[in-house]
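# Coordinate inspection notes
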Amino acid sequence: MNPIIKSILSPKFIFATIRVMTPILYPAIGVAITALAGSINIALEGIMLMAAFTGVMVSGFTGSLWLALFAGVAAGVAMAAILGYFHLQLKADIIIAAIALNMFASGMTIFLLYVFAHDKGTSSSLKSLVFPSLDIPLLKDIPVVGPMLSGHNILTYFVFIAVIVFYYLIYKTPLGLRIRAVGQNPDAAESVGINVKRVRLYSLLLSGFFGSFGGLYLAMGYVSWFSRDMTAGRGFIAIAASSLGGNLPLGTFLGSLLFGIVNAFAIFIAPLKIPSEFIQSIPYLTTVIVLAIYSINKSRKVKREVSE
Amino acid sequence: MEKFIVKYFHLIRTIIAVLIGIVISVLIIFIISKNPGFSLKSFFLGPLLSKGRFGNFIETASPIILCGLAISIPFQAEQFNIGAEGALFIGAAVGTAFAVSTHMPAILHITTVLLIAGITGAIWGFIPGILKAKWNTDELVISLMMNYVAYFLGLYLINYHFRDKSAGFLVSYELPKTAWLAQFVPGTRIHLGIIISFAFAILTYYFLYHTTRGYEIRTTGINKNFARFGGINVFMVIVLSQVLGGFLAGIGGMTEVMGLHRRFNWQLSPGYGWDGVVVAIIGRNNPIYIIFAALFLSYLRTGGQIMNLLSDIPSEMVVAIQSIIILLITAEAFLERFKYRITIREAKRKEAIDEPNN
């Protein structure tokens, strides 16, 4: 059998899929939460970058993984808070403000990288800590399944918990109910006494929270350094992943999984000399097609309802 | 004075935002640089101190102007287009492919290559436009996705079919001389692209403010329902604005290839599409203001690069500063209280003047 097909059919492929899915799923959860509250957050690119950079710097200078975690999440949430302040309080357009924040994060991290590590490319001169990988006892000894699911980074296991937390938050808590109410009809929500602004702010802060983990994983798990613009569009891919899944917990997970599979596939067939550019463009094309079909169906439904 | 402030409030706010940005950069330089005086000089005066650097400043402006225009037309129709980046990339890639595989006399070659690049970009604008107009698909997400499709397809086209293997880098074949835009200022690389971008800015201005279609685009942007009841074909307006935007972005990418590098040499997306958003916001979607905004941005960029080269401050400071400026300009409520107070004072003054007459 062709060695490449063999490698794709091996447990290693699933392992790689889960690994590349992680930094897409975290921000996708973030996007989904804001989308459910009726706004769109395209600043996850910047949120992840800031969190990644802060995590690496703090771990490099303090040597503490916990401090790095807290600082990284704080940086990401702070970015989301700035977005919230400008959008909700100063009435800035959320999309333009988010574009500005993405630029800010890209420029500022490179700037500070140069100031602190005297390098504009990567932080390799600074030793960053990484979050540990976990071998799961018992599971790791099961053939086939073991090598797929065991030995991942701790943040990768945490992302599965994050999906469950997202589900629980949205469907089982008062805040989740308010978020959905605001998303479906802000005026109606306002009329029953929900503070729409505050709910939207919370949803943005939550998206900053989840997005930060994506950034931290990228710099301190996926690799062990910060490099310029290392998010490489994952914050935008996250928008596609959550849109594909209708912004719902399971859908967001499946959407991210699709991107994980395609990216892993592109990595595995690289030796084949099939242009990986084609494979890599598949998820984006898929998103365009799925969103188009979704909106065609929706507008037909609306039309039918109107004509009845 | 008060009257003046109320009337030109938007302009004043923009200037204040820019000033805040500049003050922050000066502060940063003072805090970080070991020789702040020299860093400041190379940042603020650098582009003026040599002919070559002045050239860098002008040549950077032309793709930014075209992308700013590309973003401003859909913005005027209240449509989001962040697909300029993709339209620019795929336009330049397809244009390059066409240029290196055809032979024509110079003027014809330049025009057809620019047209091919523009049309390719226009197709990239058409897709989110038609999806939005017909089925209300979110144009923001679609244009974002189309950026990536453009990026990968463009790379594939250049790297697999038009790559110059003798060049040592991942670049396309050199364009035939007939498809070059002349560099017309000796000692610099300033090329015809800047003239082309100025011409398109004036054309866009004329189109938006002096033609029926332009009026329809602006009316749709101000109030879609009003436009619809007034008999404007909103469907057409949405598609047209995106198509024109894509067209301009495609040309913007192509002029850079034809005038500056003479090869397609982008392995990463160059980011002019995002700069286009920046200058469209600073220039408030007015094509003439966009020229100034683009010159301002490319001056800062060039100054930043010179400072990066000569002193100890990295050029990325400019990116951080420009984003702060954008944030302040888009914040509707920024300085709103100030305007409110001024308006009240103006009204009171008028009352005071009117009273003795009664």
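Definitions and limits used
Residues numbered from 1 in each chain as written. Chains lettered and ligands numbered in written order. Predicted model: local features only at pLDDT ≥ 70, side-chain atom pairs only at ≥ 80, totals over all residues. Helix = DSSP H or I, 4+ residues; strand = E, 2+ residues; numbered from the N terminus. Rg over C-alpha atoms; globule rule 2.2 N^0.38 Å. Buried ≥ 20, exposed ≤ 12 C-beta atoms within 10 Å, placed from the backbone. Contact = placed C-beta atoms within 7 Å. Nonpolar A, V, L, I, M, F, W, Y, C, P; charged D, E, K, R; others polar. Axes fitted to C-alpha atoms, helices over the stretch in contact; angles between N-to-C directions. Parallel < 35°, antiparallel > 145°, perpendicular 65-115°, else oblique. Domains from an automatic or database assignment. Core = buried A, V, L, I, M, F, W, Y, C linked by C-beta atoms within 7 Å. Left-handed = near helix turned anticlockwise from the far one by under 90°.

Looking now at the overall build of chain A. For chain A, the helix and strand inventory stands at 13 helices and zero strands. Relative to a compact globule of 308 residues, whose C-alpha radius of gyration would be 19 Å, chain A shows 20 Å and is just as compact. Counting only C-alpha atoms and orienting by the principal axes, one finds that chain A spans roughly 60 × 50 × 40 Å. Expressed as a percentage of the 308 residues in chain A, the buried residues total 50%. For chain A, contacts bridging at least 24 residues in sequence account for 72% of all contacts bridging at least 6.

Turning to the overall build of chain B, a few remarks are in order. Helices and strands together make up the secondary structure of chain B, namely 15 helices and zero strands. For 358 residues, the compact-globule estimate of 2.2 N^0.38 gives 21 Å, and chain B sits close to it at 22 Å. The principal-axis extent of the C-alpha atoms belonging to chain B is close to 85 × 60 × 35 Å. In chain B, buried positions account for 53% of the 358 residues. Residue pairs in contact within chain B that sit at least 24 positions apart in sequence constitute 78% of those at least 6 positions apart.

Let's shift gears to the interface of chain B and chain A. Across the contact, 38 residues belong to chain B and 42 residues belong to chain A. Examining the composition of the side of chain B that touches chain A, we find that 13 residues originate from one element, helix 7 (residues 139–161) of chain B, more than from any other. For the side of chain B that touches chain A, a count of residues per class yields 30 nonpolar, five polar and three charged.

Before going further, it helps to examine the packing of helix 4 (residues 51–76) of chain B against helix 11 (residues 234–261) of chain B. All names here are of chain B. At a minimum axis distance of 7 Å, the contact between helix 4 and helix 11 shows a crossing angle of 170 degrees. The pairing of helix 4 with helix 11 is recorded here as roughly antiparallel in orientation. Here Glu59, Ser62, Pro63, Leu66, Cys67, Leu69, Ala70, Ile71, Ile73 and Pro74 of helix 4 come into contact with helix 11, specifically with Ser241, Gln242, Leu244, Gly245, Leu248, Ala249, Ile251, Gly252, Gly253, Thr255, Glu256 and Leu260. Among the residues making up the contact of helix 4 with helix 11, the classes are represented as 13 nonpolar, seven polar and two charged.

On to the environment of isoleucine 20 of chain B, then. Residues and elements named next belong to chain B. Mapped onto the elements of the fold, isoleucine 20 is located in helix 2 (residues 9–32). By C-beta crowding, isoleucine 20 is classed as partly exposed, having 15 other C-beta atoms within 10 Å. Measuring from C-alpha to C-alpha, the distance between isoleucine 20 and isoleucine 321 comes to 9.1 Å, with 301 residues separating the pair along the chain.

Bringing the domain arrangement of chain B into the picture now. All names here are of chain B. Split by domain assignment, chain B resolves into domain 1 (1–33 + 314–358) and domain 2 (54–312). If you look at the interface, domain 1 gives 11 residues, while domain 2 gives 13 residues. Of all the secondary-structure elements, those providing two or more residues to the side of domain 1 that touches domain 2 are helix 2 and helix 14 (317–330). If one sorts the elements of the side of domain 1 that touches domain 2 by residue count, helix 14 sits on top with six residues.

The subject of this paragraph is unusual backbone geometry. Phi is positive for asparagine 247 of chain A, which is not a glycine, with a value near 60 degrees. By secondary structure assignment, the location of asparagine 247 of chain A is in the loop between helix 11 (234–244) and helix 12 (249–268). In this structure asparagine 247 of chain A comes out as buried when scored by C-beta crowding, with 21 C-beta atoms within 10 Å. One non-glycine residue with positive phi stands out, namely arginine 284 of chain B, at about 45 degrees. Position of arginine 284 of chain B relative to the elements: it lies in the loop between helix 12 (272–282) and helix 13 (287–310).

Most often, soluble globular proteins keep nonpolar side chains buried together rather than apart. Judged by nonpolar contacts, the single largest core of 209 residues is most densely connected at Ile29, Ala52 and Ala97 of chain A together with Ala70, Val113, Met145 and Ile290 of chain B. A per-element tally of this core places helix 5 (residues 94–117) of chain A first, with 15 residues. Counting contributing residues, this core receives three or more from each of domain 1 (1–33 + 314–358) and domain 2 (54–312) of chain B. Setting aside residues no more than four positions away along its own chain, isoleucine 29 of chain A makes contact with Ala162, Val163, Phe166, Phe210 and Thr252 of chain A.

All names here are of chain A. Between helix 4 (residues 65–89) and helix 5, the shortest axis-to-axis distance is 10 Å and the interhelical angle comes to 145 degrees. Both helix 4 and helix 5 take part in a crossing whose hand is right-handed. Side by side, helix 4 and helix 5 meet where Met79, Ile82, Leu83, Phe86 and His87 of the first sit next to Ile94, Ala97, Ala98, Leu101 and Ala105 of the second. Of the residues assigned to the contact of helix 4 with helix 5, the class counts are nine nonpolar, one polar and no charged.

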